[in-house]
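Understanding the architecture of this molecule
Chain by chain, the residues:
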Protein chains: 2
Amino acid sequence: MSGESAPAPKSVLARGLSLLDAFTPGEPELSLGELAARSGLPKPTAHRLLGELVDWGALERTGHGGYRLAAKLFRLGQMVPRYRMLREAAMPYLEGLQRASRENVHLAVPDDLCTLFVEKLSGGESMVIRSRVGGRMPAHCTATGKVFLAWGGHDRLRRAVDAGLARLTPRTIVLPGLLHRDLERTRERGVGINLEEAEPGVTAVAAPVLGAHGEVVAALSITGHTRRLDLDRCGTAVQAAAGALSAALRRDTPPRPRAG
Amino acid sequence: MSGESAPAPKSVLARGLSLLDAFTPGEPELSLGELAARSGLPKPTAHRLLGELVDWGALERTGHGGYRLAAKLFRLGQMVPRYRMLREAAMPYLEGLQRASRENVHLAVPDDLCTLFVEKLSGGESMVIRSRVGGRMPAHCTATGKVFLAWGGHDRLRRAVDAGLARLTPRTIVLPGLLHRDLERTRERGVGINLEEAEPGVTAVAAPVLGAHGEVVAALSITGHTRRLDLDRCGTAVQAAAGALSAALRRDTPPRPRAG
């Protein structure tokens, strides 16, 4: 977690950037004292660097002497090519899946040992689930994450097991042998399934999206109430959408002109 | 534009950050030479600072000795509270508008003299338009931007006129007097309308979203082919959705727990 205090980095640039690492989705506003403590910087140094981050637009001051992440980071984040092109290519397929299933649909990419949600459309009549665009979840207990572990090569899986399989619910798979077997079934079926392994009552099914060279670059998933989600039907739908998106990425249509 | 070369900023942190400003949506990959030229930094300095930005995760190296924006910025950008909370509150209304209209729908916020697109759902059968999530357009020639100018106070409008009303199409309103009259009609009607003023053949209609204190915090819009878009029907739909979203923001439901 980035919330822990750490030895102060050496260069001025790294020190300034370390202040941004102090923010988490659950704590979008921090005081000077909290920022100094988390970054390991003396208060006067933190104060000066925070002023520069405000001037540049990465942070803004709150009414109560605190700081929060600001517009410039949103704009830069949306320009990150890896996510931008994938999101734009995937959006029609996500919308189709959402219309067909009326459940929550996600586009996720592997991010080291986690799954990172790049887009989410919520099912109008579906349940509220805790995923968040830009949020990460451990791979071993999510449908999209299992896709990345199943087709991501031995090294990623070994590192995930070495890092420890955290228990999120009573149904999370925390034994390496069971996880190996589950991933084998994932490869056989062609879809990753999460049966209340990340959140009680919530089931998800995900299929791999392949890049131009056949490597898994992303996953599409449908998530909903365990009682209601028809795994067969949703699994077929998500596989069809992921296959169509993979074909679109293979065709590698040249990017259209965009004026923003 | 951030693509122009500028005098090098003074502090090391500001110099490092200025390298990130060199990237634009149209140029997501830049070489060391380009980055040095645009930031006004000597090549060896730029090279050292770029290395630190790579280490932190703001940039990644491309195969050809270049640099591009990377994952950390996407994750931080998605945590920016102003956009995150608004987007989450707006998503059900955007999806409803999209289902009802089958056209492109946008959520935008004012960003100085521009309109900044925070979310976009594309109409399955609708046309491809050039807007982009995280992209900005001048306010005076967009439906959402006109909402921000019409209800944004005299100062914003005066500054927009002073900055010059750029012509994007033959139908862009570039005369201050005509713009004033158009904004008066916008306030009377309750919706901003863009009639091919930003892109030939493209019409849009937008309604204001009010925050807890009655101030305009965002706008919802529907965008489509001029020939096909029913302005009356879409205007009514977008006003209803913006009104419902405003009421939801006023109720100020406490944020739900999110595990990411």
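Residues numbered from 1 in each chain as written. Chains lettered and ligands numbered in written order. Predicted model: local features only at pLDDT ≥ 70, side-chain atom pairs only at ≥ 80, totals over all residues. Heavy atoms only, no water.

**Digging into the overall build of chain A**
Helix and strand counts for chain A come out as nine helices and nine strands. A compact globule built from 260 residues should have a C-alpha radius of gyration of about 18 Å, and chain A, at 20 Å, falls within 12% of that. Overall, the C-alpha framework of chain A stretches about 60 × 50 × 35 Å when taken along its three principal axes. With 260 residues in all, chain A has 54% of them scored as buried. For chain A, the share of sequence-separated contacts (at least 6 apart) that also reach a separation of at least 24 residues comes to 54%. Approximately 11,300 Å² of chain A is accessible, and the part contributed by carbon and sulfur atoms is 54%. Charged side chains in chain A number 35 positive and 27 negative. The centres of these two groups are separated by 2 Å. (Helix = DSSP H or I, 4+ residues; strand = E, 2+ residues; numbered from the N terminus. Rg over C-alpha atoms; globule rule 2.2 N^0.38 Å. Buried < 20%, exposed > 50% of the residue type's maximum accessible area, 1.4 Å probe, protein only. Contact = heavy atoms within 4.5 Å. Areas by Shrake-Rupley, 256 points an atom, 1.4 Å probe, with all protein chains shown as cover. Lys, Arg positive; Asp, Glu negative; His and termini not counted. Charge placed at Lys NZ, Arg CZ, Asp CG, Glu CD.)

**Quick notes on the sheet that holds strand S7 (residues 192–195) of chain A**
Read across the open sheet, the six strands follow the order S6-S5-S4-S9-S8-S7 (chain A); overall the sheet is antiparallel. Only two strands of the sheet have a single partner each, and these edge strands are strand S6 (136–138) and S7 of chain A. Taken pair by pair, the neighbouring strands of this sheet meet at an average axis angle of 30 degrees, ignoring direction. Of the pairings in the sheet, the one linking strand S4 (residues 104–111) of chain A to strand S5 (residues 114–121) of chain A comprises seven bridges and is antiparallel in character. Bridge assignment links Val109 of chain A to a residue of S5 of chain A, and that residue is Leu116 of chain A. Strands in contact with helix H4 (residues 71–79) of chain B are S4, S5 and S6 of chain A; relative to S5 of chain A, the strand with the most contacts, it is inclined by about 50 degrees. (Pairing = 2+ DSSP bridges. Axes fitted to C-alpha atoms, helices over the stretch in contact; angles between N-to-C directions.)

**So, the relation of the copies chain A and chain B**
When chain A is fitted to chain B, the residual RMSD is 0.0 Å, and the transformation amounts to a turn of 180 degrees plus an axial shift of 0.0 Å. Read as a symmetry element, the transformation amounts to a two-fold axis. (Least-squares fit on C-alpha atoms with pLDDT ≥ 70 in both.)

**Regarding the UniProt feature "domain: HTH iclR-type" (unreviewed entry) in chain A**
The UniProt record annotates "domain: HTH iclR-type" (unreviewed entry) at residues 10–71 of chain A. For the annotated span residues 10–71 of chain A, helix accounts for 53% and strand for 16% of the residues, and the straight-line distance between the end C-alpha atoms is 27 Å. (UniProt positions renumbered as here; feature names shortened; annotations may be inferred.)

**A closer look at the domain arrangement of chain A**
Assigned domains within chain A: domain 1 (12–76) and domain 2 (80–251). The distance between the C-alpha centroids of domain 1 of chain A and domain 2 of chain A comes to 33 Å. (Domains from an automatic or database assignment.)

**Some thoughts on the packing of aromatic side chains**
The tally for this structure, following the rule as stated, stands at two aromatic pairs over all chains. Measuring from centroid to centroid gives 4.5 Å for Phe74 of chain A and Tyr83 of chain B, while their planes differ by 45 degrees, and the two rings are tilted. Of this pair, Phe74 of chain A sits in helix H4 (residues 71–79) while Tyr83 of chain B sits in helix H5 (residues 81–101), placing the two residues on different chains. Neither residue differs from the other here; Phe74 of chain A and Tyr83 of chain B are each classed as buried. (Phe/Tyr/Trp six-rings, centres within 6.5 Å; stacked < 30°, edge-to-face > 60°.)

**Comments concerning the sheet that holds strand S1 (residues 29–31) of chain B**
Residues and elements named next belong to chain B. Spatial strand order, S1-S3-S2: three strands in an open sheet with antiparallel pairing. Single-partner strands in this sheet number two, and they are S1 and strand S2 (59–61). Along the sheet, successive strands turn relative to each other by an average axial angle of 35 degrees, direction set aside. Bridge analysis of S1 against strand S3 (residues 66–69) gives three bridges, and the strand direction is antiparallel. Residue pairing in the sheet places Ser31 in a bridge with Gly66 of S3.

**Points about the pairing of strand S8 (residues 202–210) of chain B**
Residues and elements named next belong to chain B. With respect to burial, S8 is a largely interior element, eight of its nine residues being buried. One ladder, built from four bridges, connects strand S7 (residues 192–195) with S8; its direction is antiparallel. Directly across from Asn194, in S8, lies its bridge partner Ala204. Here S7 hands over to S8 after six residues, with Glu196 in that stretch at a positive phi of 60 degrees. Direction of pairing for S8 relative to strand S9 (residues 216–225): antiparallel, over a ladder of nine bridges. Bridged to Val209 within S9 is Ala218. Linking S8 back to S9 in an antiparallel pair, the connection comprises five residues, with Gly214 at a positive phi of about 80 degrees.

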